[in-house]
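# Summary of structural features
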Amino acid sequence: MTLRNLARAGLLLFLVLLWQLLWVRGLPDYVLGPVEILRHFVAALGSAELYDHIGASLLRALPGFAIGTLLGIALGLAAGIARGFDQMLSPVIFLTYPVPKIVMLPLFMLWFGIGDLSKILIIALACFYPTFINAYYGAKSTPTILVWSGLNMGASRSQIFRRIVVPSAAPLVFAGMRVSLALSFIVMFATEMINARSGLGHLIREAENSLRFDLMYVSLLSIAILGYLGDRLLRWTRHRVLAWQGEAA
Amino acid sequence: MTLFLQRMLVGLRPFVLVAVALVAWELTARSALWSPIVFPSLVNIGHEFALFVSRSDRLLEAWTSLYRALGGFALAAAVGVVIGMLMGRSELVAGLLDPLFSGTYAVPKLALFPIFIFVFGIGSLSKVALVFLECLYPIVIMTYHGARGVDRVLLWSAQNMGASRTQILRRVVVPATAPFIFAGFRVALPIAMIVVVITEMISSADGLGYVVIYSLASLRTDRMLAVVVAIALLGLALDHALVILRNRLVYWEKLETYYV
C-alpha cells in the first residue's frame, strides 16, 4: 500500500518536474511552469480581486445547485412513488434529458434579464436532470418487501415514505447530486464566459483577451480547487448521512 | 366504453404536459402582453425551423457542430476504452491513473478552453480537443468500473479450458465490460453536444452554437428557438442511435430505459 502511494506520488512529482524542466527549456508564452503558476496564485490570494470573483461565481453556482437539486429530488421521488404523476412527467423529462440545457441560456436571458437570475436558473435547470433521474430510479427500486412489511406493521403512508423510500433512494440521490455539482460548476463557468461582468469565467475571458496568461492560470487553478473541494464536501456529507452504507466509488 | 375511454386517457397522459406547455406558449405569444421578441409564436418558430432544414448553408452549420462533437467523442471512446480496460485489468495502471482521474473528475475542464484556443487555434481543433477531454472521464471511469468487476469464475473457467490471454480478453473481458462501456458512452454523448454548443457560443464563427448567439444578437428569437429545437432534436437522435447500436451489440442484456 505504501509502495503504491509512493509510486503515485512519484508519478505526480515526475510529471510536475518534467513540466518545469520543459518550461525552463522554453515553451510558448501561453504555457507557464508549475512554479510560476503557484507564484502567481499565491500573489492573487493576497489580493481582494480574486475573492470577489470567487464570491460572485459561488453566488451563482450554489443557489442554482440548491434549487435544481431540491426540485429534482422532490419531483423525482414523487414520480417514483405516484404512478399518475410519473406517467405525466417522466416522458417529458427523459425525452429532454439528452438535450444540452445550455442552449436555453439565450432564451433565459430574454426572459429573466442578462443578470444573475438567468444564470442561476440555467444552472438549476442543468442540475435538475441528474438528481431527478437518480431520485426517480432510487424511489422506484425500493424493495417491495420492505414496503409490505412496513404496511403490515401498521406504518402510515408518510412513515413509509420517510422511513423506507427516502433511505433506500438516498445512495442514488447522492450519486445524482455529485453529477449535478460538477455540472453546476461547468454551467456556471460557461455562462460567465458567455456574458458576465464578474466571476471566474469572466476573469479567464478577460485574461485571455488581454493576454494575461498568469491570470488565466490563477482562474483555472481556483476553479479546479473549488470543484475538487465541493466534490470532497459532498462525499464527506454522504459518508456522514449514509453511515450504514459501505464506501462506494 | 368507459373502460376504453379510461385507457385512452391513460395512454394520452404522457402528452398532457407537452400539450399544456405548447398551448400556454402560443396563448402567451398571441396575448400581446409581451413583445414577440420575448415570446415568438409557434408558427414563426415552425416556419424558421422549416427554413433551417431546407437551406443547405444552415444544414452545413449543423454538420459542423456534429462532426466536432462526434470527432471528439470518437477519439475519447477509442482512448477511453483502452485506458479503462488497462486500469481495470492491471493493478499497476489503476494505481497510477486512478488518483489522476478521480482527483480531476469534479474540475470543470471547460476552464481549459482559453488555453486550448492558444494551443490548438480558434478553429475546430480546440473544440474537438475539449470534447475529447470532457468525454474521456465518464468513458474511462465506467470502463474501469466494468473491467474491474468481471466475474472471477468466468476468468478462471476460461483459463482452465486453456484460453490464451488474448482469447480471454476478447471472449470474456470485453463482452463482460461492454454494457459498462456503453453506459459510459451514453453519459459522454450528450456531454459532447453540450461542450460543442458551449464552445461555439463562446468563440466561433460557425456551428449551431454560433447561430444561436448570432440570432439572439440580431433579435431574431424565432430563428434562435428554431435552432434550439434543432439542437435538441440532434441530441435526441444521437442518443437514440447509440441505444439502437448498443442493443444490437449487447443483445444479451436488456437496457432499462424509459423511452426506448
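Another point: the overall build of chain B. Helix and strand counts for chain B stand at ten helices and zero strands. The globule rule puts the C-alpha radius of gyration for 260 residues at 18 Å, and the 23 Å found for chain B is more than 25% above it. Expressed along its principal axes, the backbone C-alpha trace of chain B runs to roughly 75 × 65 × 35 Å. Out of the 260 residues belonging to chain B, those deemed buried represent 38%. The long-range fraction of contacts in chain B, counting pairs at least 24 apart against all pairs at least 6 apart in sequence, stands at 68%.

Attention shifts here to the overall build of chain A. Within chain A, the regular secondary structure consists of ten helices and zero strands. Starting at the N terminus and walking to the C terminus, you meet the elements of chain A as α-α-α-α-α-α-α-α-α-α. For 249 residues, the compact-globule estimate of 2.2 N^0.38 gives 18 Å, and chain A exceeds it by more than 25% at 22 Å. Counting only C-alpha atoms and orienting by the principal axes, one finds that chain A spans roughly 75 × 55 × 30 Å. Scored against the burial criterion, the 249 residues of chain A give a buried share of 39%. Taking the intrachain contacts of chain A between residues at least 6 apart in sequence as the baseline, contacts between residues at least 24 apart amount to 73%.

What follows concerns the environment of Ile37 of chain B. Residues and elements named next belong to chain B. Inspection of the secondary structure assignment puts Ile37 in the loop between α1 (2-30) and α2 (42-54). Owing to 12 C-beta atoms within 10 Å, Ile37 belongs among the exposed residues under this scheme. If sequence neighbours within four positions are ignored, Ile37 has contacts with Leu219 and Thr221.

Bringing unusual backbone geometry into the picture now. As a rule of thumb, non-glycine residues mostly have phi less than zero, and peptide bonds are mostly trans rather than cis. At Leu211 of chain A, a residue that is not glycine, the phi angle is positive and equals roughly 55°. Positionally, Leu211 of chain A belongs in the loop between α9 (200-209) and α10 (213-241). Phi at Leu219 of chain B takes a positive value of approximately 55°, unusual for a residue other than glycine. In this structure, Leu219 of chain B sits in the loop between α9 (208-217) and α10 (221-249).

Bringing the interface of chain B and chain A into the picture now. Taken together, the contact between chain B and chain A spans 43 residues of the former and 41 residues of the latter. Mapped by element, the contributors of at least two residues to the side of chain B that touches chain A are α1, α4 (91-104), α5 (113-120), α8 (165-202), α9 and α10 of chain B. For the side of chain B that touches chain A, the element with the highest residue contribution is α10 of chain B, accounting for nine residues. Each residue belonging to the side of chain B that touches chain A can be placed in one class, and the counts come to 36 nonpolar, five polar and two charged.

Attention shifts here to helix α7 (residues 152-160) of chain B. Little of α7 of chain B sits out of view: just zero of its nine residues are buried. Following α7 of chain B by one or two positions, Gly162 of chain B has its phi on the positive side, about 80°.

On to the packing of helix α6 (residues 116-140) of chain A against helix α8 (residues 157-194) of chain A, then. Two measures define how a pair of helices packs: the angle their axes make with one another and the distance between the axes. Residues and elements named next belong to chain A. Taken N-terminus to C-terminus, the directions of α6 and α8 make an angle of 155°; their axes are 7 Å apart at the nearest point. Between α6 and α8, the interaxial angle falls into the category roughly antiparallel. As α6 runs across α8, the sense of the crossing is right-handed.

What follows deals with α9 of chain A. Of all ten residues in α9 of chain A, seven are buried, a share of seventy percent or more. Residues of α9 of chain A that are buried include every one of Leu200, Gly201, His202, Leu203, Ile204, Arg205 and Glu208 of chain A, and no others. Where the residues of α9 of chain A are buried, they touch α3 (48-81), α8 and α10 of chain A together with α5 of chain B.

Residues and elements named next belong to chain A. Relative to the elements of secondary structure, Lys140 occurs in helix α6. The partly exposed category is assigned to Lys140, around which 17 C-beta atoms lie within 10 Å. Sequence separation of Lys140 and Val165 is 25 residues, and the distance between their C-alpha atoms is 8.6 Å.

This next bit is on the confidence of the model for chain B. Scored by pLDDT, chain B has a mean of 86; 97% of the residues are at 70 or more. The ipTM value of the predicted complex is 0.78, and its pTM value is 0.84.

A word on the packing of helix α4 (residues 83-96) of chain A against α1 of chain B. At a closest axis distance of 7 Å, the pairing of α4 of chain A and α1 of chain B adopts a crossing angle of 55°. On the basis of their axis angle, the class for α4 of chain A and α1 of chain B is oblique. Two packed elements cross with a definite hand, and for α4 of chain A against α1 of chain B that hand is right-handed. In this structure, α4 of chain A uses Gln87, Met88, Leu89, Pro91 and Val92 of chain A to contact α1 of chain B, whose residues at the interface are Val10, Arg13, Pro14, Val16, Leu17 and Val18 of chain B.

For chain A, the mean per-residue pLDDT works out to 85, and 96% of the residues sit at or above 70. The least confident element of chain A, judged by mean pLDDT, is helix α1 (residues 2-26) of chain A at 78; the most confident is α3 of chain A at 92.

Basis of the calculations
- Every chain's residues receive numbers from 1 upward, in the order its sequence appears when written.
- Whichever chain is written first becomes A and whichever ligand is written first becomes 1, with later ones labelled in order.
- Only residues with pLDDT of at least 70 are given local features in this predicted model, and only at 80 or more are side-chain atom pairs given and counted; all residues enter the totals for whole chains, interfaces and linings.
- Counting from the N terminus, the helices are DSSP H or I runs at least four residues long and the strands are E runs at least two residues long.
- Only C-alpha atoms enter the radius of gyration; for comparison, a globular chain is expected to reach 2.2 Å times N to the power 0.38, where N is the number of residues.
- Exposure criterion: with C-beta atoms placed from backbone coordinates, a residue whose C-beta has 20 or more other C-beta atoms within 10 Å is buried, one with 12 or fewer is exposed, and one in between is partly exposed.
- With C-beta atoms placed from the backbone, a contact is any residue pair whose C-beta atoms sit within 7 Å.
- The classification used treats Ala, Val, Leu, Ile, Met, Phe, Trp, Tyr, Cys and Pro as nonpolar, Asp, Glu, Lys and Arg as charged, and all other residues, Gly among them, as polar.
- To get an axis, fit a line to the C-alpha atoms, keeping to the stretch in contact for a helix; angles then go from 0 to 180 degrees between the N-to-C directions.
- For classification, angles of less than 35 degrees are called roughly parallel, those exceeding 145 degrees roughly antiparallel, those between 65 and 115 degrees roughly perpendicular, and all remaining angles oblique.
- Whether a crossing is left-handed or right-handed is set by the direction in which the near helix is turned from the far one by less than a right angle, anticlockwise for left-handed and clockwise for right-handed.
- The quantity known as pLDDT measures the predictor's confidence residue by residue, on a range of 0 to 100.

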